[in-house]
Amino acid sequence: MVAHNPIIVALDMPTAQDAVRVAKEVAPHVGAFKIGVGLLYGPGPGTIDALVRLGLPVFADAKLHDIPSQVEMAARNLALHGARWVTAHIGGGQAMLEAAASGLADGAGHAEAGILGVSVLTSLDNADLQRIGIDRTPGQLVSKMASVAASSGCEGVVCSPLELHVVHQSAPNITTVVPGIRPTTVDDDQARTATPSDAIEKGASYLVIGRPITAADDPGGAAAAIFESLGII
Ligand code: C5P
């Protein structure tokens, strides 16, 4: 039996061809592929179709945030391209998240597609939040956001590994998708990080891992080593 592989590789590559090439290299060692706004706004959503053809679920990290009718249309269209998950910012509010869930279900035509609510970007820390007038910690914000996501039809929440416990408290049954994963301590644009095994121990359902895999000399080897480090048999 193949063990559940919780690794979602973030294919933040410059071109769709690069994304598909790396996806093929890592496919045996990951559970799903993710593309973000860089590829969705460049080569476009056809990249989702190309990745779906490789046989793993595809996560369109579109980070939708607009009025409900626009978000509903966007989610439906991404589902028509084969997206298994689509992200929408929880900050867009309950009606927008419900519209996203409805559009996605309509486009997918089956129940196995879900909206993931984006809580607080893992690149932000307390000082960044204060600078934009938010006098709450990421934890306090994520706690409120997780309960809104749960009551708005979201399948899951995207959160930092450091806020997993808060999400589990306010939305106990929700799927948790965790970026900001670093196998070792590095100094880049992610502020709230954890190692892959720490995040799984803290209850993450899925890990979103980009550069530690895609920027490695051997992406397939890097993905295999990370999966092995999780101790999942
Ligand atoms: O390369 P790295 O592992 O930092 O990639 C993290 C991925 O997770 C990026 O694709 C980024 O867009 C995404 N992400 C994030 N923080 C969130 C939501 C998504 O870093 N809150």
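Structure's up top.
Residues numbered from 1 in each chain as written. Predicted model: local features only at pLDDT ≥ 70, side-chain atom pairs only at ≥ 80, totals over all residues. Heavy atoms only, no water.

Caption draft 1: Looking closely at the packing of aromatic side chains. According to the stated counting rule, one finds 2 aromatic pairs in the structure shown. Seen in terms of ring centroids, Trp85 and Tyr206 are 5.3 Å apart; in terms of plane orientation they differ by 65°. Their pairing is edge-to-face. Within this pair, whereas Trp85 is found in strand β4 (residues 85-89), its partner Tyr206 is found in strand β8 (residues 206-209), the two being separated by 121 residues in sequence. Its relative accessible area of 18% is what places Tyr206 among the buried residues. Aromatic ring contacts, followed pair by pair, group Phe59, Trp85 and Tyr206 into a single cluster. The cationic tip of Lys34 hangs over the ring face of Phe59; the distance from NZ or CZ to the ring centre is 5.8 Å. (Phe/Tyr/Trp six-rings, centres within 6.5 Å; stacked < 30°, edge-to-face > 60°. Helix = DSSP H or I, 4+ residues; strand = E, 2+ residues; numbered from the N terminus. Buried < 20%, exposed > 50% of the residue type's maximum accessible area, 1.4 Å probe, protein only. Lys NZ or Arg CZ within 6 Å of the ring centre and 35° of its normal.)

Caption draft 2: Looking closely at the nonpolar core. Leu11, Phe33 and Val86 are the most contacted members of the largest nonpolar core, which has 61 residues in total. In terms of nonpolar packing, the next biggest core, distinct from the first, is built from 11 residues, Ala32, Phe59, Val118 and Val208 among them. (Core = buried A, V, L, I, M, F, W, Y, C linked by side-chain atoms within 4.5 Å.)

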